[in-house]
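Working through the structure, step by step
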Amino acid sequence: MTADSRSRKDSSRPLAVFDLDGTLADTGHRQQFLERKPRDWDAFFAAAPQDPPLARGVELALASAAECEVVYLTGRPERCRADTVDWLARQGLPDGRIWMRRDNDRRPARRTKLEILQELARARTVRMLVDDDELVCADAERAGFTVVRVTWANTPEALKDAQEREGRT
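Computed from a predicted structure; not experimentally measured.

1. Considering the packing of aromatic side chains
- All chains considered together, the criterion is met by 3 aromatic pairs.
- Relative to Phe44, the ring of Trp41 lies with its centre 5.6 Å away and its plane at 80°, an arrangement referred to as edge-to-face. With a gap of 3 residues between them, Trp41 and Phe44 both fall in helix 1 (residues 41-46), about one helical turn apart.
- For the pair Trp41 and Phe45, a centre-to-centre distance of 5.9 Å together with 25° between the ring planes defines the contact as stacked. On the criterion of helical spacing, the pair formed by Trp41 and Phe45 is a turn pair, its members being 4 residues apart in helix 1.

Have a look at this one:
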């Protein structure tokens with residue numbers, strides 16, 4: 001996963017790490033593209049700019065910005081960066097670095113996200129990870145991270161399967 005290097009914040013503040021899909025963005029309207037065989041990944045990601053925000057996630061990110069640097073850790077592929085940056089700005093979310101999956105990276109989200117969290121923790125205090133993926137949350141907790149498990153969104157089985165088995169989001 002790669003981070004956008006456009007902003008570097010005060011390195012003394014702890015990090016609040018937020019997932020996007022199912023945490024800040026409601027992906028329900030694009031699940032149809034994952035329920036068909038074969039899955040239509042291009043259409044799934046092309047529809048991301050139309051995601052409605054998840055109010056509880058947005059509120060938590062905004063509140064976290066008072067004490068933390070907010071950064072984003074997503075399984076979205078790098079090719080979605082411009083749409084993702086625009087979407088975050090339209091929602092009024094804090095400007096922050098974004099770690100995205102390399103376009104050809106198909107490892108499970110729990111593996112890629114834990115690697116990034118551990119890398120971040122070597123240089124900074126990670127106050128919390130906010131994520132909807134149960135496997136990501138469990139692995140992060142086992143590694144000693146404080147996790148806020150998202151309960152405000154419904155993560156469909158097709159997306160859970162994609163995160164774990166196909167390494168797509």
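2. Observations regarding helix 3 (residues 81-90)
- Taken together, the buried positions of helix 3 are Arg81, Thr84, Trp87 and Leu88. All buried residues of helix 3 project into a common sector of 125° when viewed along the axis, lining one side. Facing away from the buried side of helix 3 by over 90 degrees, the exposed positions are Ala82 and Ala89.
- Phi for Gly92, located one or two positions after helix 3, is positive at around 75°.

3. Re the side chain of Arg101
- With respect to the helices, strands and loops of the structure, Arg101 is situated in strand 4 (residues 98-101).
- In this structure the side chain of Arg101 is engaged in a polar contact, spanning 2.7 Å, whose partner is the backbone oxygen of Arg107.

4. Observations regarding the environment of Arg102
- Mapped onto the secondary structure, Arg102 falls in the loop between strand 4 and helix 4 (109-123).
- Note on Arg102: relative accessible area 39%, which makes it partly exposed.
- Separated by 27 residues in the primary sequence, Arg102 and Gly75 have C-alpha atoms spaced 8.9 Å apart.

5. Digging into the nonpolar core
- Core analysis: the largest hydrophobic core is formed by 28 residues, its most contacted members being Phe18, Leu24, Tyr72, Leu88 and Leu93.
- Put simply, the parts of the chain that give this core at least two residues each are strand 2 (15-18), helix 1, helix 2 (55-64), strand 3 (69-77), helix 3, strand 4 and strand 5 (126-131).
- The biggest single contributor to this core is helix 1, with 4 residues.
- Once you skip the residues sitting within four places of it in the chain, Leu88 turns out to touch Leu20, Tyr72, Leu93 and Ile98.
- Ranked by size, the runner-up nonpolar core spans 17 residues in total, among them Leu15, Val126, Cys137 and Ala140.

6. Examining the packing of helix 4 against helix 5 (residues 134-142)
- The interhelical angle for the contact between helix 4 and helix 5, taken along N-to-C directions, is 40°, at an axis separation of 9 Å. Comparing the axis directions of helix 4 and helix 5 gives the class oblique. For the pair helix 4 and helix 5, the crossing hand works out as right-handed. The residues of helix 5 that touch helix 4, namely those facing Ala109, Arg110, Lys113, Leu114 and Leu117, are Leu135, Val136, Asp139 and Ala140.
- Looking at the contact of helix 4 with helix 5 residue by residue, the classes come out as 6 nonpolar, no polar and 3 charged.

Thresholds, definitions, all that
- Residues numbered from 1 in each chain as written.
- Predicted model: local features only at pLDDT ≥ 70, side-chain atom pairs only at ≥ 80, totals over all residues.
- Heavy atoms only, no water.
- Phe/Tyr/Trp six-rings, centres within 6.5 Å; stacked < 30°, edge-to-face > 60°.
- Helix = DSSP H or I, 4+ residues; strand = E, 2+ residues; numbered from the N terminus.
- Buried < 20%, exposed > 50% of the residue type's maximum accessible area, 1.4 Å probe, protein only.
- Arc of directions from axis to C-beta.
- Polar contact = N/O pair within 3.5 Å; in protein donor to acceptor, adjacent residues only side chain to side chain.
- Core = buried A, V, L, I, M, F, W, Y, C linked by side-chain atoms within 4.5 Å.
- Contact = heavy atoms within 4.5 Å.
- Axes fitted to C-alpha atoms, helices over the stretch in contact; angles between N-to-C directions.
- Parallel < 35°, antiparallel > 145°, perpendicular 65-115°, else oblique.
- Left-handed = near helix turned anticlockwise from the far one by under 90°.
- Nonpolar A, V, L, I, M, F, W, Y, C, P; charged D, E, K, R; others polar.

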